[in-house]
Structures are given as C-alpha cells and as structure tokens.
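Each chain is listed here by its residues.
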Amino acid sequence: MAENTMKLEVITPERSFYTGDVTFVELNTTEGEVGIYARHIPMTMIIAPGVLTITEEDGTKKKAALLKGFVEVTETTMSILAEVAEWPEDIDVERAKKAEERARKRLETKSTDIDIARAELALKRALVRKGLKA
C-alpha cells in the first residue's frame, strides 16, 4: 500500500461490496458531506443517504448509492458498514421512481398517522438511487 492510499472496505449484510486501496473517499454523513484522504485522523461517523465516491489509486472514480450505516476511519483504513450500497447498474430505476412517488404522496397527505421522518428518509433514498442512475 502506497503512502497516499488507505484500505477501504464496504460491507453490507449481503456481501463484501468493495475492498481495495484508495486515495480519496467522499460520502454523506449526518454531519454533512465529507471527504477522507489516507492518514486522516481516526473518527467514526453515521452515514446519511447519498452518493459514495471512491477514488482508486490510478485515479479511477467509482460511484455508488450509500443509504445508511456507519463509517470508521483510522490512519490507514476506512471501514463502511452499510445497510444498503448499490452500484448504478444494480439500481432498478422504475422501482426508485415508484418509491419516490409513494414517499411524496405520504408527505403530501400530512396525516397524523404517517411517520414523517420515515417518509422523508424513503424519499431521500429514492432520489439518491434515481439521481445516481441518471
């Protein structure tokens, strides 16, 4: 592993989604969008729905939908434990559009029996999936 790289591992309940040496990683957290280089100070953050951008050693950028989880950073490693991580080619656009429509309808009804936070999160997830595929 080169001086300017770190080992990235992205794990979901179903599989090891990504493992490799990278130079830079961008993702959304509950504190905002962050970018992490190798030799970063150690930290742990909660993931918010958004696009995960991985910059590999050769400069190749890979993007994936990252919807929920935790990230742990050390000086030489970054571990992402994600509930859902999807490459653009794995996203079903029609399903994402239907999920967006359902979430918008729930939010528009303003019914007291609707969990607003859950509907907003569902909308964010659908928009991330749809936007990544566009």
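Please refer to the structure placed before this passage.
Residues numbered from 1 in each chain as written. Predicted model: local features only at pLDDT ≥ 70, side-chain atom pairs only at ≥ 80, totals over all residues. Heavy atoms only, no water.

> Give a detailed account of the packing of aromatic side chains, specifying residues and quantitative values.
For the structure shown, the criterion picks out 3 aromatic pairs. A ring pair is formed by F17 and W87, whose centres lie 4.4 Å apart and whose planes are at 20°; its orientation type is stacked. You can see F17 sitting in strand β2 (residues 16-29) and its partner W87 sitting in the loop between β7 (77-86) and α1 (93-109), a full 70 residues away along the chain. When its relative accessible area of 15% is taken as the criterion, W87 is described as buried. Note on F24 and Y37: the rings are 4.3 Å apart at their centroids and 35° apart in plane angle, and the pair reads as tilted. On the criterion of sequence distance, the pair formed by F24 in strand β2 and Y37 in strand β3 (residues 32-37) is long-range, its members being 13 residues apart. (Phe/Tyr/Trp six-rings, centres within 6.5 Å; stacked < 30°, edge-to-face > 60°. Helix = DSSP H or I, 4+ residues; strand = E, 2+ residues; numbered from the N terminus. Buried < 20%, exposed > 50% of the residue type's maximum accessible area, 1.4 Å probe, protein only.)

> Describe in detail a positive patch on the surface, supporting the description with residues and values.
On the surface, R95, K98, R102 and R106 cluster together to form a positively charged patch. Structurally, R106 can be placed in helix α1. (Patch = residues over 30% accessible without salt bridge, like charges linked within 9 Å, V, L, I, M, F, W, Y side chains within 5 Å. Areas by Shrake-Rupley, 256 points an atom, 1.4 Å probe, with all protein chains shown as cover. Salt bridge = Lys/Arg side-chain N within 4 Å of Asp/Glu carboxyl O. Lys, Arg positive; Asp, Glu negative; His and termini not counted. Charge placed at Lys NZ, Arg CZ, Asp CG, Glu CD.)

> For unusual backbone geometry, give the residues involved together with the corresponding values.
In this model, R39 sits at a positive phi of 70°, which is unusual for a non-glycine residue. Residue R39 is classed as partly exposed on the basis of its relative accessible area, which comes to 37%.

> Give a detailed account of the nonpolar core, specifying residues and quantitative values.
By size, the foremost hydrophobic cluster in this structure holds 23 residues, and its most contacted members are L8, M78 and I80. Considering every element that reaches this core, the biggest residue donor is β2, with 5 residues. Sequence-distant contacts of M78, that is, excluding residues within four places in its chain, are made with M6, K7, L8, E9, V25, L27, I36, V71, E72 and V73. (Core = buried A, V, L, I, M, F, W, Y, C linked by side-chain atoms within 4.5 Å. Contact = heavy atoms within 4.5 Å.)

> Explain the side chain of T23 to me, using residue names and the numbers behind them.
By the element assignment, T23 lies in strand β2. Contacts of T23, omitting those with residues within four sequence positions, involve N4, T5, I36, Y37, A38, T55, E56 and E57.

Such coordinate-based values are descriptive only and should not be taken to indicate function.
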